[in-house]
Amino acid sequence: FCISERAHNSILIDGLGSIPRNKNLYPKSYAQANNRVNFVKKNESITYSIYSSCFKRIHSNISVIRKIILKKNQCIVEDIFDGKGKHQVENLFHWGDDVKVVSLDENSWRISFGKYTGVFEIIGINKFKSAHYKGNESFLGWTVTEYGNKIPSSTLVFKGMVDFPASVKYKLVWEQN
C-alpha cells in the first residue's frame, strides 16, 4: 500500500495516479512527464505551483497544476485541470494520527491539533462526494509507522465528475486556542 498513489496526498484522474502502478510493464515514454515547480513570495504569502503533464496517458491534452498558497493562518490548495471532456477526479488528504477531524457539513471539517483549531473546506464545487476514513476495514485511514505496524489516522477523500478545464480549491484556516 505505501507505494500506491492513494497512500499519499494525491490526485487521481479517471482512477489513475500520476505514474503507472507498475511502470516497468510499459514503454518508458508512457510514464514520462514534464514537471515544473515555481515558487513566488509576495507580501504576506508564498505560492508553490507544481505543473505536470503526468496524466497525458489518459489524453494527450490533460495537464495539472497544483498551487499551494501559504498565508498567515491559512493554506489554500488549488488544483487546476487543463484539457477537455468529463473526467472523474479524486483527491486524497491524509492527516497525522494526532489530528482530530470532525465533519461540520458536506463540504467542511473541523481540524484540531494540539493548541490549534481550524476549518478545512472545499470551495466552489458541490459535485464532489466526500468520505472520511479513520482505521476500520478500509486501507485508507491508517499511518504506517514501520513495516508491519500501522495506527489509525484520518483521510479525507473527495471524488466527482468534472468538466475540464476546471479548478478545485481546498482551504484550511486555523487559529490558536
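So, here's what we can say about the structure. (Residues numbered from 1 in each chain as written. Predicted model: local features only at pLDDT ≥ 70, side-chain atom pairs only at ≥ 80, totals over all residues. Heavy atoms only, no water.)

A word on the pairing of strand β4 (residues 63-71)
Piece 1. Both strand β3 (residues 45-52) and β4 contribute to a ladder of eight bridges, which runs antiparallel. Looking at β4, one finds that Ser-52 is bridged to Val-64.
Piece 2. In terms of strand pairing, β4 meets strand β5 (residues 74-94) through nine bridges, oriented antiparallel. Counterpart to Val-64 in the pairing with β5 is Phe-81.
Piece 3. Hairpin connection, β4 to β5: the antiparallel pair is bridged by two residues, and Asn-73 has positive phi, about 60°. (Pairing = 2+ DSSP bridges. Helix = DSSP H or I, 4+ residues; strand = E, 2+ residues; numbered from the N terminus.)

Notes on unusual backbone geometry
Piece 1. Here the bond from Phe-164 into Pro-165 is cis, since omega is 0°, no more than 30 degrees from zero.
Piece 2. For Pro-165, the location among the structural elements is in strand β12 (residues 154-176).
Piece 3. In this structure, Asp-14 takes a positive phi of about 50° despite not being glycine.
Piece 4. Structurally, the position occupied by Asp-14 is in the loop between β1 (11-13) and α1 (28-31).
Piece 5. With relative accessibility at 34%, the residue Asp-14 sits in the partly exposed group.
Piece 6. Phi is positive for Asn-73, which is not a glycine, with a value near 60°.
Piece 7. Considering the arrangement of structural elements, one finds Asn-73 in the loop between β4 and β5. (Buried < 20%, exposed > 50% of the residue type's maximum accessible area, 1.4 Å probe, protein only.)

Describing the pattern of salt bridges
Piece 1. In this structure the tally under the stated criterion is two salt bridges.
Piece 2. As a salt-bridge pair, Arg-66 and Asp-79 come within 2.6 Å of each other at their nearest N and O atoms. Here Arg-66, found in strand β4, pairs with Asp-79, found in strand β5; they are 13 residues apart in sequence, far enough to count as distant. The pair formed by Arg-66 and Asp-79 is uniform in burial state, with each residue classed as buried.
Piece 3. For the salt bridge of Lys-86 with Asp-163, the shortest nitrogen-to-oxygen distance reads 3.8 Å. (Salt bridge = Lys/Arg side-chain N within 4 Å of Asp/Glu carboxyl O.)

Digging into the nonpolar core
Piece 1. One finds Trp-95, Phe-120, Phe-128, Phe-158 and Tyr-170 to be the most contacted residues of the largest nonpolar core, which totals 28 residues.
Piece 2. For this core, the secondary structure elements donating two or more residues are β1, β5, β7 (108-113), β8 (116-123) and β12.
Piece 3. The biggest single contributor to this core is β12, with eight residues.
Piece 4. Leave out the neighbours within four places in its chain, and Phe-158 touches Val-89, Glu-90, Asn-91, Phe-93, Trp-109, Phe-120, Ile-122, Phe-128, Lys-129, Ser-130 and Tyr-170. (Core = buried A, V, L, I, M, F, W, Y, C linked by side-chain atoms within 4.5 Å. Contact = heavy atoms within 4.5 Å.)

Concerning the layout of surface pockets
Piece 1. Its boundaries defined by the atoms lining it, the largest pocket holds a volume of some 500 Å³.
Piece 2. Taken together, 20 residues make up the lining of the largest pocket; nearest its centre are Glu-5, Ser-10, Ile-11, Ser-18 and Ile-19.
Piece 3. Those elements giving two or more residues to the lining of the largest pocket turn out to be β3 and β4.
Piece 4. For the lining of the largest pocket, the leading source of residues is β4, giving three residues.
Piece 5. Here the residues of the lining of the largest pocket are counted per class, giving nine nonpolar, eight polar and three charged.
Piece 6. In this model, the second largest pocket occupies a volume close to 170 Å³. (1 Å grid on protein atoms, 1.4 Å probe; cavity = no way out; pocket = protein on both sides within 12 Å on 5 of 7 lines; lining within 4 Å. Points joined across faces, edges and corners; volume = space filled by probe spheres on them. Nonpolar A, V, L, I, M, F, W, Y, C, P; charged D, E, K, R; others polar.)

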